[in-house]
Amino acid sequence: MKLKQELHQLNNKLNGAKRKLDAAHRRGDQPVIDQFNEEIAALNKRIESVKTTLNRQVNQQGAKVQSLPFHRTLTKAEQADLGKLKKSVRGLVVVHPMTALGREMGLEQVTGFAPKKF
């Protein structure tokens, strides 16, 4: 979660810098405009770096999960009692289609991945 928090903080700083840049444009303060343009460029560069790192982590996690030999969609009853299912199946990984991992894997339904058939 640390990267997500950093990305959120960087986006907040970028929004603040853009607001200050707009105020500097209204005042016509050229040195301040140049300063905020540099700050915005640096923040954009750092944001892209963090997004790339997050994307790489999701891809690695997706590859690790897809390498598990067995997978199937989970029934509504199994989804309702995931705790019981996870206790009965060692190494079960449940992926929801609305998470970053689920979107990256192209899932349509909640799917369980496990080393053995369940």
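For the structure itself, consult the block above.
Residues numbered from 1 in each chain as written. Predicted model: local features only at pLDDT ≥ 70, side-chain atom pairs only at ≥ 80, totals over all residues. Heavy atoms only, no water.

J.: Just checking my understanding: could you explain the overall build of the protein chain for this structure?
T.: The helix and strand tally for the protein chain stands at five helices and three strands. Put simply, the protein chain runs from its N terminus to its C terminus through helices and strands in the order α-α-β-α-α-β-α-β. Taking 118 residues into account, the globule formula puts the C-alpha radius of gyration at 13 Å, and the protein chain, at 22 Å, lies well above it. In terms of its C-alpha atoms, the protein chain occupies a principal-axis envelope of roughly 65 × 25 × 20 Å. Residue burial in the protein chain is summarised as follows: out of 118 residues, 31% are buried. In the protein chain, of all internal contacts separated by at least 6 residues, the share reaching a separation of at least 24 is 57%. Averaging the coordinates of the 22 positive side-chain charges in the protein chain and doing the same for the 11 negative ones gives two points 11 Å apart. (Helix = DSSP H or I, 4+ residues; strand = E, 2+ residues; numbered from the N terminus. Rg over C-alpha atoms; globule rule 2.2 N^0.38 Å. Buried < 20%, exposed > 50% of the residue type's maximum accessible area, 1.4 Å probe, protein only. Contact = heavy atoms within 4.5 Å. Lys, Arg positive; Asp, Glu negative; His and termini not counted. Charge placed at Lys NZ, Arg CZ, Asp CG, Glu CD.)

J.: Would you mind going over the pairing of strand S3 (residues 111–114) with me for this structure?
T.: As a general feature of sheets, a regular strand has side chains that alternate between the two faces. Side chains Thr111 and Phe113 project from S3 onto one buried face, and the interleaved Gly112 and Ala114 project onto a second face that is buried too. Inspection of the sheet shows strand S1 (residues 70–73) paired to S3 by four bridges, in the antiparallel sense. Residue pairing across strands places Phe70 opposite Ala114, the latter belonging to S3. Summarising the sheet, strand S2 (residues 93–95) and S3 pair through three bridges and their orientation is antiparallel. Bridge pairing in S3 places Val94 opposite Gly112. (Pairing = 2+ DSSP bridges.)

J.: Help me understand the environment of Pro97, please; the structure alone is not making it clear to me.
T.: Mapped onto the elements, Pro97 comes out in the loop between S2 and helix H5 (100–105). Separated by 41 residues in the primary sequence, Pro97 and Arg56 place their C-alpha atoms 18 Å from one another. Setting aside its immediate chain neighbours within four residues, Pro97 contacts Gly102, Arg103, Leu107, Glu108, Gln109 and Val110.

J.: For this particular structure, what's the right way to read helix H2 (residues 30–66)?
T.: Given 3.6 residues per helical turn, the α-helix brings residues three or four places apart onto the same face. With 37 residues, H2 extends 53 Å between its outermost C-alpha atoms, agreeing within 8% with the 54 Å of an ideal straight helix rising 1.5 Å per residue. Among the residues of H2, Val32, Ile33, Phe36, Ile40, Leu43, Ile47, Val50, Leu54, Val58, Gly62 and Val65 are the ones counted as buried. The elements touched by buried residues of H2 are helix H1 (2–27), S2, H5 and S3. (Expected span 1.5 Å × (residues − 1).)

J.: Help me understand the side chain of Glu78, please; the structure alone is not making it clear to me.
T.: Note that Glu78 resides in helix H3 (residues 76–80). Among all residues touching Glu78, those that are not within four sequence positions of it are Arg72, Thr73 and Leu85.

J.: Would you mind showing me how to read the sheet that holds S1 here?
T.: Across a sheet, strands are paired by hydrogen bonds formed along the backbone, either parallel or antiparallel in direction. One open sheet holds the three strands; their spatial order is S1-S3-S2, and the pairing between them is antiparallel. Edge positions in the sheet fall to S1 and S2, since each has one partner strand and no second. Across the sheet, the mean angle separating the axes of adjacent strands is 20 degrees when strand polarity is ignored. (Axes fitted to C-alpha atoms, helices over the stretch in contact; angles between N-to-C directions.)

Everything listed is a geometric property; what it means functionally is a separate question.
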